[in-house]
Number of protein chains: 2
Amino acid sequence: MSEYVNVAVDAMGGDNAPGEIIKGTVDALNAYRQLRVMLVGREEIVKEELAKYTYPEKRVRIVNATEIIEMAEPPVNAIRKKKDSSIVKGLQLVKEGKCDAFVSAGSTGAILAGGQLIVGRIRGIERSPLAPLIPTSKGPALLIDCGANMDARPSQLVQFAQMGSIYMKNITGNPNPRVAIVNVGAEEEKGNALVKETFPLLKACDNINFIGSIEARDITDGYADVIVCDAFVGNVILKMFEGVASTLLHGIKDAIMSSTLQSRN
Amino acid sequence: MSEYVNVAVDAMGGDNAPGEIIKGTVDALNAYRQLRVMLVGREEIVKEELAKYTYPEKRVRIVNATEIIEMAEPPVNAIRKKKDSSIVKGLQLVKEGKCDAFVSAGSTGAILAGGQLIVGRIRGIERSPLAPLIPTSKGPALLIDCGANMDARPSQLVQFAQMGSIYMKNITGNPNPRVAIVNVGAEEEKGNALVKETFPLLKACDNINFIGSIEARDITDGYADVIVCDAFVGNVILKMFEGVASTLLHGIKDAIMSSTLQSRN
């Protein structure tokens with residue numbers, strides 16, 4: 001096993017690429033001495049950006065990719081057609097074993113489609129979830145799934161719970177992450193058909209620390225480390241989080257501004 | 001038609017009953033001169049509470065009900081057994097045409113079950129939704145359904161949209177309330193099976209002002225007046241609202257407290 005972790009980074013993906021991507025890569029290289037990065041993107045542009053920084057040159061390689069997959073492109077189509085894009089080339093580095101992971105702030109749909117078409121799923125895993133870390137008052141929690149499987153089956157939710165648990169063990173070092181399923185009440189008989197069918201399967205799982213149902217009101221208070229739900233519900237959770245926080249903070253800001261204005265008058 | 005609106009009020013329902021209920025009833029009687037109230041509950045207790053206030057006595061009647069349905073009781077059972085409860089008697093007043101509406105802060109499940117068993121549904125309506133008004137930065141919006149139908153059918157969501165639209169017209173006076181369905185994106189092809197099937201039905205509805213999909217992040221910003229979803233999703237929306245707001249406001253309070261303490265030291 002290599003003493004290094006090798007990560008392919010999509011230099012061209014995201015709103016502020018490549019500037020912010022290169023900046024973040026340099027920060028990461030300086031913070032983690034076991035990190036090696038392959039920056040995938042237009043060679044000249046990446047070189048030009050990199051030249052702005054002092055960084056450990058031996059741990060960086062540039063992999064030229066001339067095409068860029070845009071946010072609005074139909075994902076599967078884009079992956080099939082743009083063979084020389086940073087996403088396709090980055091994922092190929094993972095498939096070929098040259099990198100351990102691929103990081104991209106580009107089109108979520110293209111990364112998900114490319115992950116399945118190029119890298120492939122782990123044997124036995126039915127679907128790939130999208131699983132962001134969300135902030136809670138007791139540290140980050142993993143919301144799994146939040147966008148990939150709109151009409152999930154119970155067996156898929158069980159796999160999400162297992163994958164999420166392994167992920168959190170490795171990312172946070174917590175040996176026993178608490179896994180909960182999003183539900184409308186704490187009682188086992190509550191829920192829609194999907195949750196009612198999934199609950200006993202999770203309970204019977206001996207490789208996760210299943211603590212039962214979690215109501216949406218308890219998510220931000222950190223009642224669970226791995227929060228399992230179908231993609232539709234996960235999307236609603238993520239976007240309610242964003243919406244309520246933004247509306248409240250704007251409201252508070254407006255209130256402060258108007259009281260400041262009043263006290264000036 | 002009577003010049004009065006007759007409302008049955010459950011004097012015994014809710015955490016702070018009967019005190020807060022009677023107080024609110026007196027406030028309402030003073031604010032609305034066309035309001036007549038039948039207070040349903042234990043006569044002695046209700047009389048004792050009422051005696052604390054000055055109020056228009058001619059517009060209040062007490063209807064004795066000796067039993068109380070507790071929050072934890074199985075709803076259908078409670079409705080069937082406790083014939084002399086404030087919820088059963090209040091709903092009977094509506095059924096018999098003696099009151100136009102029933103207001104209760106008691107067991108949601110019992111009120112919903114009682115509504116169906118005693119009052120009955122409007123002819124043609126398949127299911128009764130729970131529909132709270134939620135605050136947004138542009139005034140209240142109706143979230144329908146948020147607890148009654150866990151696995152809703154498209155035809156039921158269409159009826160919720162129609163009932164919600166009529167409700168908002170009458171409550172807010174807005175002649176053309178904007179109706180939207182909760183979805184994971186703005187595009188018509190997005191969503192889970194339920195939303196994809198419901199979307200064209202709503203679009204074809206000529207008695208509502210259907211504006212398409214609403215993402216959860218836009219709910220608190222008041223993008224729609226009637227927000228249609230199944231009960232599971234509605235429950236998640238309502239409880240995320242509560243949870244994010246509470247966590248954020250506690251976080252802000254803690255930050256202010258700790259900065260105050262620091263500046264004192």
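Up top you'll find the structure we're talking about.
Let me begin by describing the structure that accompanies this report. Here the structure is a predicted model, which means the values were calculated and not measured. (Residues numbered from 1 in each chain as written. Chains lettered and ligands numbered in written order. Predicted model: local features only at pLDDT ≥ 70, side-chain atom pairs only at ≥ 80, totals over all residues. Heavy atoms only, no water.)

**Looking at the overall build of chain A**
To be explicit about the condition: In this description a helix means any DSSP run of H or I spanning at least four residues, a strand means any run of E spanning at least two, and both kinds are numbered starting from the N terminus. Only protein chains enter the accessibility calculation, which uses a 1.4 Å probe; a residue whose area is less than 20% of its type maximum is buried, one above 50% is exposed, and one in between is partly exposed. Two residues form a contact once any of their heavy atoms are found within 4.5 Å. The accessible surface values rely on the Shrake-Rupley method and a 1.4 Å probe; as for residues, cover is taken only from the protein chains in view.
Secondary structure assignment for chain A yields 8 helices and 9 strands. For chain A, the residues scored as buried account for 45% of the 265 residues in total. For chain A, the share of sequence-separated contacts (at least 6 apart) that also reach a separation of at least 24 residues comes to 66%. Carbon and sulfur atoms provide 52% of the accessible area of chain A, an area that totals close to 13,700 Å².

**Observations regarding the pairing of strand 8 (residues 209-214) of chain B**
All names here are of chain B. Worth spelling out the cut-off: A strand pair is defined by DSSP finding two or more bridges across the two strands. Clockwise travel from the first strand over the helix to the second, with the strands pointing away from the viewer, marks a crossover as right-handed.
Inspection of the sheet shows strand 7 (residues 178-182) paired to strand 8 by 5 bridges, in the parallel sense. Bridging from a neighbouring strand, Arg-178 pairs with Asn-209 of strand 8. In this fold, strand 7 hands off to helix 7 (residues 193-204), which returns the chain to strand 8; that crossover is right-handed.

**Some thoughts on the relation of the copies chain A and chain B**
Selection criterion: When the copies are overlaid, the least-squares fit takes in C-alpha atoms only where the residue has pLDDT of at least 70 in both copies.
The transformation that overlays chain A on chain B combines an axial shift of 0.0 Å with a rotation of 180°, and the residual RMSD is 0.1 Å. Put plainly, the chains are arranged around a two-fold axis. Interface overlap between copies: 100% of the residues of chain A at the interface are likewise at the interface in chain B, consistent with a symmetric, same-surface contact.

**Concerning the environment of Gln159(A)**
Residues and elements named next belong to chain A. We apply this condition: By the criterion applied in these results, polar contacts are pairs of N or O atoms within 3.5 Å in which, for protein atoms, one can donate a hydrogen and the other can accept it, and in which residues neighboring in sequence qualify only through two side-chain atoms.
Relative to the helices and strands, Gln-159 resides in helix 6 (residues 154-172). Take Gln-159: its relative accessible area is 12%, and that puts it in the buried class. At 2.8 Å, the side chain of Gln-159 forms a polar contact with the backbone nitrogen of Glu-126.

**Focus on the sheet that holds strand 7 of chain B**
Strand order in the open sheet made by the 5 strands is 5-6-9-7-8 (chain B), with mixed pairing throughout. Of all the strands in the sheet, the pair left with one neighbour each is strand 5 (133-134) and strand 8 of chain B.

**Topic: helix 6 of chain A**
Residue and element names in this part refer to chain A. To be explicit about the condition: Any helix carries an expected span of 1.5 Å times its number of residues minus one.
Counted at 1.5 Å a residue, the expected span for helix 6 with its 19 residues is 27 Å, and the 26 Å between its end C-alpha atoms agrees. Buried within helix 6 we find Pro-154, Gln-156, Leu-157, Val-158, Gln-159, Phe-160, Ala-161, Gly-164, Ser-165 and Met-168. Elements in contact with the buried residues of helix 6: strand 5 (133-134), strand 6 (141-144), strand 7 (178-182), helix 7 (193-203) and strand 9 (226-228). Two residues or fewer past helix 6, Gly-173 is found with a positive phi of approximately 80°.

**Structural notes on the pairing of strand 3 (residues 60-64) of chain A**
Across a regular strand the side chains alternate sides, sitting on one face of the sheet and then on the other. All names here are of chain A. Relative to strand 3, strand 2 (residues 35-41) is paired through 5 bridges, and the arrangement is parallel. From the neighbouring strand, Val-37 faces strand 3, where its bridge partner is Val-60. In this fold, the crossover linking strand 2 to strand 3 by way of helix 2 (residues 43-50) has right-handed handedness.

**A short note on the interface of chain A and chain B**
Put simply, the test is: By buried area we mean the combined loss of accessible area, with a 1.4 Å probe, across both parts when two parts are placed together. By convention in these notes, a salt bridge is any Lys or Arg side-chain nitrogen within 4 Å of a carboxyl oxygen on Asp or Glu. Polarity classes work like this: nonpolar for Ala, Val, Leu, Ile, Met, Phe, Trp, Tyr, Cys and Pro, charged for Asp, Glu, Lys and Arg, and polar for all others, with Gly in that last group.
Taken together, the 32 residues of chain A in the interface contact 32 residues of chain B. Of the roughly 3,000 Å² buried where chain A meets chain B, counting both sides, 72% is carbon and sulfur surface. By the criterion of area lost to chain B, the three top residues of chain A are Phe232(A), Lys239(A) and Met240(A), representing 23% of everything that side buries. Our enumeration of links across chain A and chain B arrives at 4 salt bridges. Across the pair Arg217(B) and Glu242(A) runs a salt bridge whose closest N-O atoms are separated by 2.7 Å. Top element by residues in the side of chain A that touches chain B is helix 8 (residues 231-264) of chain A. It accounts for 16 residues. Residue composition of the side of chain A that touches chain B, by class: 18 nonpolar, 8 polar and 6 charged.

**Considering the pattern of salt bridges**
All chains considered together, the criterion is met by 20 salt bridges over all chains. Put simply, Glu73(A) and Lys82(A) hold a salt bridge, and the shortest N to O gap is 2.8 Å. By relative accessible area, which is 18% here, Lys82(A) ends up buried. One salt-bridge network, in which partners are shared between bridges, spans Glu215(A), Arg217(A), Lys239(B) and Glu242(B).

**As for the side chain of Thr247(B)**
By the element assignment, Thr247(B) lies in helix 8 (residues 231-264). Here Thr247(B) falls in the buried class, since its relative accessible area comes to 17%. Polar contacts involving the side chain of Thr247(B) include one to the side chain of Thr220(A), which spans 2.8 Å. Setting aside chain neighbours within four positions, we find Thr247(B) in contact with Ser137(A), Thr220(A) and Asp221(A).

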